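In case you want the letters, here they are:
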Amino acid sequence: MKPSLRQQLERLALRLAELDATLADPKVAGDMKRYRELSREHSEASALVDLFRRYQAREHDLASANELLAESGGDAAMAAMASEEASAAGADLAGFLVALQAALLPRDPDDGRNVFLEVRAGTGGDESALFAAELVRMYLRYAERQGWKTETMSESASDLGGYKEAVFRIEGDSVYAQLKFESGGHRVQRVPVTETQGRIHTSACTVAVLPEPDETEEITLDPNDLRIDTFRASGAGGQHVNKTDSAIRITHLPTGIVAECQDDRSQHRNKAKAMQVLTARLREKERSERAAKEAATRKSLVGSGDRSDRIRTYNFAQGRVTDHRIGLTLYKLQAILDGDLGEVIAALQAAQAAEQLAALESGEA
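Criteria and thresholds
- Starting afresh in each chain, residues are numbered from 1 along the sequence in its written order.
- Only residues with pLDDT of at least 70 get local features here, since the model is predicted, and only at 80 or more are side-chain atom pairs given and counted; chain-wide, interface and lining totals rely on the full set of residues.
- To obtain the side-chain values, all non-hydrogen atoms of the structure were used and water was disregarded.
- Buried Ala, Val, Leu, Ile, Met, Phe, Trp, Tyr and Cys residues form a nonpolar core when they are joined through side-chain atoms within 4.5 Å.
- The buried label applies to any residue whose accessible area, calculated with a 1.4 Å probe on protein chains only, is under 20% of its type's maximum; exposed applies above 50%, and partly exposed to all values in between.
- Under the DSSP-based scheme used, a helix requires at least four consecutive residues in state H or I and a strand at least two consecutive residues in state E, with every element numbered from the N terminus.
- The contact criterion used throughout is that any non-hydrogen atoms of two residues lie within 4.5 Å.
- Two strands form a pair only when DSSP identifies at least two bridges running between them.
- Here, expected helix span is obtained from the residue count minus one, scaled by 1.5 Å.
- What the arc describes is the spread of directions from the helix axis to the C-beta atoms.
- Note on geometry: axes are lines fitted to C-alpha atoms, helical ones only across the stretch in contact, with angles between N-to-C directions running from 0 to 180 degrees.
- Note on aromatic pairs: the rings of Phe, Tyr and Trp (six-membered ring only in Trp) are paired at centre separations within 6.5 Å, and the planes decide the class, stacked below 30 degrees, edge-to-face beyond 60, tilted for the rest.
- Whether a charge sits over a ring depends on NZ of Lys or CZ of Arg being within 6 Å of the ring centre and within 35 degrees of the ring normal.
- Polar contacts, as used here, are pairs of N or O atoms within 3.5 Å; protein pairs need one atom able to donate a hydrogen and one able to accept it. Residues neighboring in sequence count only if both atoms are side-chain atoms.

If you look at the biggest cluster of nonpolar residues, it comprises 36 residues, and the most contacted ones within it are L135, Y139 and L179. When contributions to this core are tallied by element, the ones reaching two or more residues are β1 (115-121), α5 (125-146), β3 (163-171), α6 (175-179), β5 (201-211), β11 (328-330), α8 (333-337) and α9 (342-361). For this core, the element with the highest residue contribution is α5, accounting for nine residues. Apart from the residues lying within four places of it in its own chain, the contact partners of L135 are V119, H186, C205, V207 and Y314. Core analysis: the second largest hydrophobic core is formed by 21 residues, L9, L12, L16 and L360 among them.

Written as structure tokens, this is what we have:
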């Protein structure tokens, strides 16, 4: 085990002792929010420190076995027993080390949240809108495979049946942990249905995955900062409300951020859903601004929607999907568009874990 890693674990053991004392304080027990936060931290630290203690115990066993081996002299039986114990202890230590490293990797506090998934057509006109619809279908199919629930928040259809933009809420276990890597520019290379000469075109869409805010931690919005407009729903799913102005558009005046919902018959419910989306977008804006200050070179969440701004390319002629962030290319384009995203997501999660582990081992994490 590297010294930097051991130091982190030793500091964590000291922190656990502090938490034991703090949680025993009656004043802390009276503040339920703080008590829950400290209890959660205690539970995580306790599991890690227990694993570290087991690692230390096997270190001691390994040292004792090596000492016995050195003192065995010509006693073949003693040497064999010591060698076997040393081998077993070494294998256990390797396993404990992997578990400790994985447990120490930084966790995104939003990983367990539901999400708002936004898909917008970018460069490429009608072809971009058609591709946006295919991306929506891909994510909804993946959500179905995971057993997640999906709900349409708003959609704006294009003339040829695509989407200018669409926003969905996805609810389930660890949705954000799996979909957060999808944020960014998605590029498609193919012969569009509108192309008469068979030429390959490049179009782009942007995807944003926003964690749903915790209702107890929502941003406080000043009603004076909001402009709320009502209008008649249009497009697929909106026919039942065309006679009344039940669709809602909310504009946050200080930032210009807009959210709308037209999916429900009830104006009240549409307003509540639009407020959810608006809050998520404002929260993501704050999150992005903090990230920009911490790392000025980090790219923005979505990008410009330009052809050159992409995280992934879908090439129909070659039947391949390439994720440019990790250099992953898979020749299973149709399967992926049908919702088979598991391999791509697992590779992105593994790449992030490897990066975090490298930082942890260097003492930067």
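Quick look at the pairing of β1 now. The two faces of the sheet receive side chains in turn, since in a regular strand these alternate between them. Counting buried residues along β1, five of its seven residues qualify, which places the element largely inside the surrounding structure. In the sheet, β1 pairs with β3 via six bridges, with the strands oriented antiparallel. Across the sheet, the residue bridging to L117 is F168, located in β3. Strand direction decides the pairing type here: β1 and β5, joined by seven bridges, are antiparallel. Within β5, the position partnered with L117 by the bridge is V209.

Okay, α9 next. Helix length check: α9, at 20 residues, gives a terminal C-alpha distance of 28 Å against a target of 28 Å (1.5 Å per residue), a fit within 8%. For α9, the full list of buried residues reads V344, I345, L348, Q356 and L360. The arc enclosing the buried residues of α9, seen along the axis, measures out at 150°, which places them on a common side.

Time to look at the sheet that holds β3. Think of a sheet as strands paired side by side through backbone hydrogen bonds, with each pair either parallel or antiparallel. The mixed open sheet is built from eight strands, whose spatial order is β2-β3-β1-β5-β4-β9-β10-β11. Looking at strand neighbours, the two that pair on one side only are β2 (149-157) and β11, the edges of this open sheet. Ignoring strand direction, the axes of neighbouring strands in this sheet form an average angle of 15°. Along the sheet, α5 contacts β1, β2, β3, β4 (184-190), β5 and β9 (312-315); its crossing angle with β4, the most-contacted strand, is approximately 115°. Each of β9, β10 (320-323) and β11 is contacted by α9, which is oriented at about 170° to β11, the strand it contacts most.

Once that is clear, we can look at the sheet that holds strand β8 (residues 257-261). The three strands are arranged β6-β7-β8 in an open sheet whose pairing can be described as antiparallel. The open sheet terminates on both sides in strands that have one partner only, identified here as β6 (226-231) and β8. Recorded for the sheet is a direction-independent mean angle of 15° between the axes of neighbouring strands. The pairing of strand β7 (residues 247-252) with β8 spans five bridges and is antiparallel. Counted as the bridge partner of H252 is I257 from β8.

Let us look at the packing of aromatic side chains. Aromatic ring pairs are reported here in terms of the distance separating the ring centres and the angle at which the planes meet. Across all of its chains, the model carries two aromatic pairs by this definition. Aromatic side chains Y142 and W148 sit 5.6 Å apart centroid to centroid with 80° between the ring planes, which places their arrangement in the edge-to-face category. Both residues of the pair, Y142 and W148, count as buried. For the cation-ring pair, R190 lies above F316, with the distance from its terminal atom to the ring centre recorded as 4.6 Å. Here the guanidinium or amino end of R249 rests over the ring plane of F231, the centre of that ring lying 4.3 Å away.

What follows is about the side chain of N114. By secondary structure assignment, the location of N114 is in the loop between α4 (76-104) and β1. Separated by 3.0 Å, the side chain of N114 and the backbone nitrogen of G172 make a polar contact. Residues within four places of N114 in sequence aside, it is in contact with R169, I170, E171, G172, V175, L210, P211 and E212.

Purely geometric numbers; function is a separate question.
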